[in-house]
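Survey of secondary and tertiary structure
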Amino acid sequence: MPFGAFILIVEMMIYKKLTHSDKERLLDALFDFDMDKNGVIYDEEGDEFYGNSENDKYDFSNLKGIIDYVKDESFKEGVRHNQREIKKALNL
């Protein structure tokens, strides 16, 4: 298979709209989020995910939105880790 065709398939999969069931399973497996039958997403603390306006930028209807969320959360965790390490090094 030519590499260009492979990239096209991956792009199609990333932007393909997820079914309710697929989204529910992915969000549970990745983040321990829950989703009710109406599609309302609850975070690991039981709060409505989109109740926080900061989360409005994430579209969990496709894999790209989920990947974007993982990327941002990983970056934030890296910043928090580095801050802890700096404080530890400075004995704060």
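Everything that follows concerns the structure shown earlier in this document.
Residues numbered from 1 in each chain as written. Predicted model: local features only at pLDDT ≥ 70, side-chain atom pairs only at ≥ 80, totals over all residues. Heavy atoms only, no water.

**Quick notes on the environment of Pro 2**
Quick reminder of the rule: Segments assigned H or I by DSSP are reported as helices when at least four residues long, segments assigned E as strands when at least two residues long, and all are numbered from the N terminus.
Position of Pro 2 among the secondary structure elements: in the segment before helix 1 (3–15). For the pair Pro 2 and Leu 90, spaced 88 residues apart in sequence, the C-alpha separation works out to 53 Å.

**Digging into the packing of helix 2 (residues 20–31) against helix 3 (residues 63–89)**
Rules: The axes are straight lines fitted to the C-alpha atoms, using for helices just the contacting stretch, and the angles between their N-to-C directions are given from 0 to 180°. Between 65 and 115 degrees an angle is taken as roughly perpendicular, under 35 as roughly parallel, over 145 as roughly antiparallel, and anywhere else as oblique. Left-handed describes a crossing whose near helix is turned anticlockwise from the far helix by less than a right angle; the clockwise case is right-handed. In what follows, a contact means two residues having at least one pair of non-hydrogen atoms within 4.5 Å. The classification used treats Ala, Val, Leu, Ile, Met, Phe, Trp, Tyr, Cys and Pro as nonpolar, Asp, Glu, Lys and Arg as charged, and all other residues, Gly among them, as polar.
Where helix 2 contacts helix 3, the axes come no closer than 12 Å and their chain directions differ by 15 degrees. Here helix 2 is positioned roughly parallel relative to helix 3, judged by the angle of their axes. Relative to helix 3, helix 2 is oriented so that their crossing is right-handed. Each of Leu 26, Leu 27, Leu 30 and Phe 31 in helix 2 lies in contact with helix 3, whose residues at this interface are Leu 63, Ile 66, Tyr 69 and Val 70. Considered class by class, the residues forming the contact of helix 2 with helix 3 number 8 nonpolar, no polar and no charged.

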